[in-house]
Amino acid sequence: MTPFGRQPMTLRLLASQMAARAVQRDAVVHKWRVFRDIREGRELIGATERSLSVLNALLSFHPETALGGDAAIIVWPSNEQLAARANGMPPTTLRRHIGVLVDCGLIIRRDSPNGKRFARRGRGGEIEQAYGFDLSPLVARAEEFRDLADAVHAEKKAFRVARERLTLLRRDIVKMIDVGVHEGIPGDWTRAERSYQEIITRLPRSAPRQLIEAISADLAQLSDEIRKALESFANSSIPGANARQSGGHIQNSKPDHPIEIEAAERAARTAGDGEPPECPDTPSPRELSLGIVLTACPAVRELAPGGQIRYWREFVATSQLVGRMLGICPSAWNDARKVLGEQHAAITLAAIYERGDKISNANGYLRSLTQRAQRGQFSIWPMTMALLRSNLHDRKAV
């Protein structure tokens, strides 16, 4: 057993002493900044929280904030003083953590012949010789500690980004599978859910970044497959969207744009100057479910209490709030409810809100769609399917 205050010579200790001697005389660092960098990079350095509490206590015995220059950077506290500032650490524990600091090359022992720590002063009170703990490695390795702290920060950021991507992929896959199952969309949703579970079971409670990124890559591939199935359904659900229209109408040159939104915007601009342009429609194969509508118009959730819409009555209530935000007058809303029905009118308002940046006059827009619905020229099915396809495409692009 090495006596307290003695330290066997090792290659690492020798290298630390050589680095300390190589410190330039004009090199000065802020001791607490260096300590912060050491604390951030402690795992790479090999230090522990308890050993750093001892280093913190040693730094507190140095009277100046700056380390280096012409000032001596040796401190000589007694065991009792050092233990007191290290939160009452027991002597055996203190000895162990001092050894850790020495082994990590953070401090160097400067032993007196009898192993005591003290300073010898000259006649003028200046320190001529000091024996204790040399803090010069903190100056010599300050840049190294800063680089280690930066590396730790970069790794933490990369880990956080990887976790966020994993969370988003898991959320999107679960939502898309739920839409596919509950809406009866053609696809092997049982296999998709089984594939998702097989990938997730590879994720332990505490996983390194590399494993998280590998699992995210597999989830991204599965997400693309599910999204393609939903996009294929959305495309096939608009049979008349790109077909040549009867009566001399021009074929739509933007099949990816929500058709009813574009046509209604043109109608709103011409409202009052004549009849709005017709836009032939296809009767809906079946009623739209709430899940499909919320996937096509996700923005309306932001206005719902708690960001959740679970029932049609909550959807209708939230859509009425949307109407007030868009400046829809009561008469336009009442007319839409009479012609379209309350539920379909609410879906129309949600669609207007979803593409609000492309509509200059929401009130005239709603009146135009209501008039077209009276003439049998508008229904919500193709409009909702076009929005669904557009949002799925936007998610894929992100």
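Fair warning: this is a prediction, and the values are worked out from it, not measured in the lab. (Residues numbered from 1 in each chain as written. Predicted model: local features only at pLDDT ≥ 70, side-chain atom pairs only at ≥ 80, totals over all residues. Heavy atoms only, no water.)

We now examine the pattern of salt bridges. Per the stated rule, a full pass over the model turns up 13 salt bridges. For the salt bridge of Arg141 with Glu144, the shortest nitrogen-to-oxygen distance reads 2.8 Å. Take Arg141: its relative accessible area is 16%, and that puts it in the buried class. Residue Glu144 is classed as partly exposed on the basis of its relative accessible area, which comes to 36%. Between Glu155 and Arg209 there is a salt bridge, with the nearest N and O atoms lying 2.9 Å from each other. With Glu155 in helix α8 (residues 142-182) and Arg209 in helix α10 (residues 209-236), this residue pair connects regions lying 54 residues apart in the sequence. Sharing partners across several salt bridges, the network here consists of Glu155, Arg209 and Glu213. (Salt bridge = Lys/Arg side-chain N within 4 Å of Asp/Glu carboxyl O. Buried < 20%, exposed > 50% of the residue type's maximum accessible area, 1.4 Å probe, protein only. Helix = DSSP H or I, 4+ residues; strand = E, 2+ residues; numbered from the N terminus.)

Time to look at helix α9 (residues 189-200). Given 3.6 residues to a turn, an α-helix orients residues that are three or four positions apart in the same direction. Taking 1.5 Å as the rise per residue, α9 with 12 residues should run 16 Å; its terminal C-alpha atoms sit 16 Å apart, in good agreement. Among all positions of α9, only Trp189, Ala192, Ser195, Tyr196, Ile199 and Ile200 are buried. Buried residues along α9 cover an arc of 130° about the axis, so they all sit on one side. Tucked into the core, α9 has its buried residues touching α8 and α10. (Expected span 1.5 Å × (residues − 1). Arc of directions from axis to C-beta. Contact = heavy atoms within 4.5 Å.)

The next point concerns the side chain of Asn363. As for its position among the elements, Asn363 is in helix α16 (residues 362-374). At a separation of 2.8 Å, a polar atom in the side chain of Asn363 contacts the main-chain amide nitrogen of Cys329. In this structure Asn363 touches Gly327, Ile328, Cys329 and Ala332, once residues within four positions along its chain are discounted. (Polar contact = N/O pair within 3.5 Å; in protein donor to acceptor, adjacent residues only side chain to side chain.)

The complete set of buried residues in helix α2 (residues 31-40) reads Lys31, Val34, Phe35, Asp37 and Ile38. Looking down the long axis of α2, one finds its buried residues gathered within 160° of arc, a one-sided arrangement. On its buried face, α2 sits against β1 (28-30), α3 (42-45), α4 (49-60), β2 (66-68), α7 (136-140) and α8.

With that out of the way, let us pick up unusual backbone geometry. You will see that Asn87, though not glycine, has its phi angle at about 60°, which is positive. For Asn87, the position within the fold is in the loop between α5 (79-85) and α6 (91-103). Classification of Asn87 as exposed rests on a relative accessible area of 72%.

One finds Leu219, Ile226 and Phe315 to be the most contacted residues of the largest nonpolar core, which totals 63 residues. In terms of residues, this core owes the most to one element, α10, which gives 9 residues. Once residues within four sequence positions are removed from consideration, Leu219 is found in contact with Leu166, Leu169, Arg170, Ile173, Tyr196, Ile199 and Ile200. Listed in part, the 33 residues of the second largest apolar core include Val29, Val54, Ile73 and Ile107. (Core = buried A, V, L, I, M, F, W, Y, C linked by side-chain atoms within 4.5 Å.)

A few words now on the confidence of the model for the chain. The predicted model of the chain averages 78 in pLDDT, with 76% of residues at 70 or higher. Here helix α11 (residues 259-270) stands out as the element of the chain with the lowest mean pLDDT, 43, in contrast to α2, whose mean of 94 is the highest. The model gives residues 1-7 a pLDDT under 50, and that stretch makes 19 contacts with residues more than four places away or in other chains. Note on residues 239-285: pLDDT under 50 across the span, and 70 contacts to partners over four residues away in sequence or across chains. (pLDDT = per-residue confidence, 0-100.)

Taken N-terminus to C-terminus, the directions of α8 and α10 make an angle of 30°; their axes are 9 Å apart at the nearest point. As far as their axial angle goes, α10 and α8 are roughly parallel. Crossing hand, α8 versus α10: left-handed. Residue composition of the contact of α8 with α10, grouped by class: 16 nonpolar, 3 polar and 7 charged. (Axes fitted to C-alpha atoms, helices over the stretch in contact; angles between N-to-C directions. Parallel < 35°, antiparallel > 145°, perpendicular 65-115°, else oblique. Left-handed = near helix turned anticlockwise from the far one by under 90°. Nonpolar A, V, L, I, M, F, W, Y, C, P; charged D, E, K, R; others polar.)

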